[in-house]
Amino acid sequence: MTRQRSLLTPGPMSLSAAVKTQMQFDLASRDCEFKEVTARMRRLMLNLSGNPETYSVVPIQGGGSFAMEAALCSFVAQADKPLVCINGIYGERILKILRLWGVDALHFVKRATEPLDPQEVAERLSQNPGITHICFVHCETTTGIVNPLEAIVAEAKRRGVKTIVDGMSSFGAINTDLSHDGPEVLVTSSNKCIEAPPGVAFVIASRELLENAAHEPRSFVLDVRDQWRSFERTGEWRSTPPTHIVQAVTKALEILHAEGIDARRRRYEKIRDHLIKELEGVVSPLLPADLQSPICVAFTAPTGISDQVAFDGLYRHLAAHNLYVYSKLHPPTRSFRIGCIGEIQSSWIERLGCAFRTYFRSGPAPLAGRMSPQEIAGRQGEISRPVATTSQPPFSTETAVLHAGYRRDPTTKAVAVPIYQNTAYELDGDLNHIADVYNVKADGFTYTRIINPTTRALERRYAAVDVGSDALAVASGQAATFLAIVNLSSGEVGDNVVASPYLYGNTWNLLHNTLKRLGISVRTADPRRPETFERAIDDRTICLFGEVISNPCLIPLPVKQLAEIGRKHGVPLVVDNTTTPLVCRPSVLGAAITTYSATKYICGHGTTLGGLIVDNGEFDYRGASRFPLFNHPDDAHGGIIWRNALRDVEDLGKSEFLLKARMTWLRDTGAAIAPFASFQLIQGLETLPLRMKQHCENARIVASVLQEHPKVRRVFYPGLFEGADRETVDQTLDVAYGYGAMVMFEVEDEQAGRRFIQNVDLMYHVSNVGDARTLVTHPVSTTHTTVPREKREAAGIFGGSVRLCVGIEDVNDIIKDLDKALSAI
């Protein structure tokens, strides 16, 4: 699932990073390895089916519909008389296939809102003793109803009737144990609850049936028995799919096996319940709760959606908001469905609810007619703006800073995020549930040092703004950097970080002195030569680290190249993006973790300390020996395995990295942000897009003026860079915003620098950055006064260096003050 679209449709909503990685490889020229992958894929399918001894798995190239056609063709002869049980469109499809071939198929039809009744099926079998097969759908996703597989199969077996079951949507999220008298044939596909890419389907059939099947050619379908024999004898496919698809499906099955079908079902149920709750009052579930499957949820079409044309108007409204749902009504029930398959994120569901409420509050009339592609594109352009790559946040940035992660107070319906200025939360209700909250088996609030409602709203909102899976707010930017790095440590002496030398002074000290005392060493590499980072990596490297635009030297970090190097070696890239929020989105460029001093531009007013850590959700810690605390029981929290804990929590279940950081390092170091500080940061965040644009525009003008000033020797500003640095900047920054707000320039010498500072009036002489006001610093007199000359000059800081953080005042007033101070030199 890309971040450009929020696809709320049946089918896989997203592929895990591990699955996508498998799709990048191709072993087509290595037959033996391809056979091994195929054999493992078949074994995993059997294992997930209960390891039945009398069954075999036949993978089929193509989709699930093709596999069902192949199964019917192989196991139902012209002389047979199958009974097709129908309570939705997928059962109808089976009947159409059989009748197209001239098979005398009977049908038993029920309403799509009712599950098949085993007793009624038994009565049909009694009335028609010549029936040879029963064909039905296990989970009928027309409405999301689960049919009683075991009971119907038991009735059939008592009468010697074979069963062919469509398990396309259910396999992987609803237990289907074939080890005790299962159906003769179960057909499923890779791209539903298995959460793999489309391209492979499976026919799981009894060996006895496979040995005795009599194929009757009727269509361009595969002979399942022939395919099975080829696998059993040679391990080869009769019709070979792309190798990378087979590898990706196998990886998805491994992930499903590790997660467990019951855990996956619970994950889907949480998604389903969230959808139902979010759309409450606008649309209602079609089915009662006791019949609703976890696979998808069908909603009764709202008032005003009486036919397909009317529904198309609603669909176009959702599409204009970058939301996509199943686009056809089910006329018999006047319902539409949303598939709960894959990782549908909370923010997507909240957006869907917002879009529904907006549509029905304003009325469907404005979109009742047809819209041209140009009109739809125009509407999309109104709500989203381009960024440096093709990925976009769930909301447009300007909307996300106001709406993401929080809608209203559930009790008072207040729109502004409340300040929950408290430390603890009453532990009422079921004691088992309370224990689950403390043991990370359920969501809940325990103590503000760990989690607070105001802070959680800030975290969810900024994760959406920064295109991350989740965020963690802490006491300061320095705390954010510290927690982000130590959270990756193995707990043993010998870990190392490969870092840029161009760092904020306190960050440099943190890495080279404080972390050293914790057994973590630092190796420096040149950001202008990414290959030096790669050469410094070994099996104890826990991360690569740098600042997107370094403070104060303005050296750009090649985020995209370093992220690729990190992925190649299984090492996450951690970047500090304090000076360029929105101007750069490191998550989009591949950085695994991004840190911020939210004290700076995110707050914007120089009033509040705070830090943020954002996880892009793509880095896979599984199986890596360098990250034992992610792969083995963690004694810091009762022997928990963090990736397993994600299955039991919903709100905190989007990032194992941040869940671990929250429940161990934040809990134990106490680097918690105050609720009032979180509230202040939310206020600043709401205007961040407006302020950053003005910061960047003012900085661009100021840099140009300084470049022409006779008293200024050199100007350093990303917008003025040339050569390789310019290429890095253009690849890293969203130039639609600009090039940041920080400018470095040099005057004649240290004395001239001091005189300049002593003659500013409008600008503030402070060591901070990121204020709405223009700030100026003479580093050798302040932040670098204790740094030996050779070291600071090696870092690009000279006696006449002046750092300017351009504010959002009238740029002409800033220029006047600069000119006055420069004239005094």
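Residues numbered from 1 in each chain as written. Predicted model: local features only at pLDDT ≥ 70, side-chain atom pairs only at ≥ 80, totals over all residues. Heavy atoms only, no water.

Structural notes on the packing of helix 26 (residues 688-708) against helix 30 (residues 811-823)
Two quantities define a packed helix pair, namely the angle between the helix axes and the distance between the axes. What counts, and what does not: Lines are fitted to the C-alpha atoms to define the axes, a helix being fitted only along its stretch in contact, and any angle between axes, read from their N-to-C directions, falls within 0 to 180 degrees. Comment: elements are numbered from the N terminus, with helices defined as DSSP H or I runs of at least four residues and strands as E runs of at least two. Relative orientations are named as follows: roughly parallel for angles under 35 degrees, roughly antiparallel for angles over 145 degrees, roughly perpendicular for angles from 65 to 115 degrees, and oblique for any other angle. Left-handed is the label given to a crossing in which the near helix is rotated counterclockwise from the far helix by less than a right angle, and right-handed is the label when the rotation is clockwise. The contact criterion used throughout is that any non-hydrogen atoms of two residues lie within 4.5 Å. Polarity classes work like this: nonpolar for Ala, Val, Leu, Ile, Met, Phe, Trp, Tyr, Cys and Pro, charged for Asp, Glu, Lys and Arg, and polar for all others, with Gly in that last group.
Contact pair helix 26 / helix 30: the axes reach a minimum separation of 10 Å and the direction vectors enclose 30°. Classed by the angle they form, the pair helix 26 and helix 30 counts as roughly parallel. The two elements helix 26 and helix 30 cross, and the hand of that crossing is right-handed. Every residue of helix 30 that contacts helix 26 at Asn698, Ile701, Val702, Val705 and Leu706 is listed here: Val811, Ile814, Ile815, Leu818 and Leu822. The residue inventory of the contact of helix 26 with helix 30, partitioned by class, reads nine nonpolar, one polar and no charged.

A word on the packing of helix 16 (residues 453-465) against helix 25 (residues 675-685)
Their axes nearest at 8 Å, the elements helix 16 and helix 25 cross at an angle of 35°. Relative to helix 25, helix 16 is oriented so that their crossing is left-handed. Residues Thr454, Thr455, Ala457, Leu458, Arg461 and Tyr462 of helix 16 pack against Pro675, Ser678, Phe679, Leu681, Ile682 and Leu685 of helix 25. Looking at the contact of helix 16 with helix 25, its residues break down into eight nonpolar, three polar and one charged.

Quick word on the confidence of the model for the chain
Inclusion rule: Looking at any residue, its pLDDT shows the predictor's confidence there, from 0 to 100.
For the chain, per-residue confidence averages 87 on the pLDDT scale, and 90% of positions sit at 70 or higher. pLDDT under 50 marks residues 1-13. Its contacts with residues more than four places away, or in other chains, come to 50 contacts. Under a pLDDT of 50 for its full length, residues 363-393 has, in the predicted model, 50 contacts with residues more than four places off or in other chains.

Some points on helix 30
Here is the rule we go by: To estimate how far a helix should extend, the number of its residues minus one is multiplied by 1.5 Å. When a residue's accessible area, from a 1.4 Å probe over protein chains only, is under 20% of the maximum for its type it is buried; when over 50% it is exposed; and in between it is partly exposed. Here the arc refers to the directions that run from the helix axis out to each C-beta atom.
In this model, helix 30 (13 residues) spans 18 Å end to end at C-alpha, consistent with the 18 Å of a helix rising 1.5 Å per residue. Within helix 30 the residues assigned to the buried category are Val811, Ile814, Asp817, Leu818, Ala821 and Leu822. For helix 30, the angular spread of buried residues about the axis comes to 130°, placing them on one side. Those residues of helix 30 that are buried are in contact with helix 26, strand 22 (742-746), helix 28 (750-758) and strand 25 (801-805).

A short note on the packing of aromatic side chains
To keep things clear, this is the line we draw: For this analysis, a ring pair means two rings from Phe, Tyr or Trp (six-membered ring only for Trp) whose centres lie within 6.5 Å, classed as stacked if their planes differ by under 30 degrees, edge-to-face if by over 60, and tilted for the remaining angles. Over a ring means this: the NZ of a Lys or the CZ of an Arg is within 6 Å of the ring centre and within 35 degrees of the ring normal.
The full count for this structure, using the stated rule, is 16 aromatic pairs. When the centroid spacing of 6.1 Å and the interplanar angle of 90° are considered together, the rings of phenylalanine 619 and phenylalanine 627 count as edge-to-face. Owing to a relative accessible area of 1%, phenylalanine 627 belongs among the buried residues under this scheme. The rings of Phe619, Tyr621, Phe627, Phe630 and Phe657 are connected pair by pair, giving a single aromatic cluster. We note lysine 660 situated over the ring of phenylalanine 630; from NZ or CZ to the ring centre the distance is 5.1 Å. Lysine 693 extends its terminal NZ or CZ atom over the ring of tyrosine 737, reaching a point 5.5 Å from the ring centre.

Quick look at the layout of surface pockets
To keep it simple, the criterion reads: The method works on a 1 Å grid over the protein atoms by themselves. A cavity is a set of points holding a 1.4 Å probe that cannot get out, a pocket is an open set with protein on both sides within 12 Å along at least five of seven lines, and residues with an atom within 4 Å of a point line them. Grid points are joined across faces, edges and corners, and a volume is the space filled by probe spheres set on the points.
Here the second largest pocket is characterised by a volume of approximately 1200 Å³. Lining the second largest pocket are 32 residues, with His274, Lys277, Glu350, Pro410 and Arg460 sitting closest to its centre. At five residues, the largest contribution of residues to the lining of the second largest pocket is made by helix 10 (residues 261-278). Tallied by class, residues from the lining of the second largest pocket come to ten nonpolar, five polar and 17 charged.

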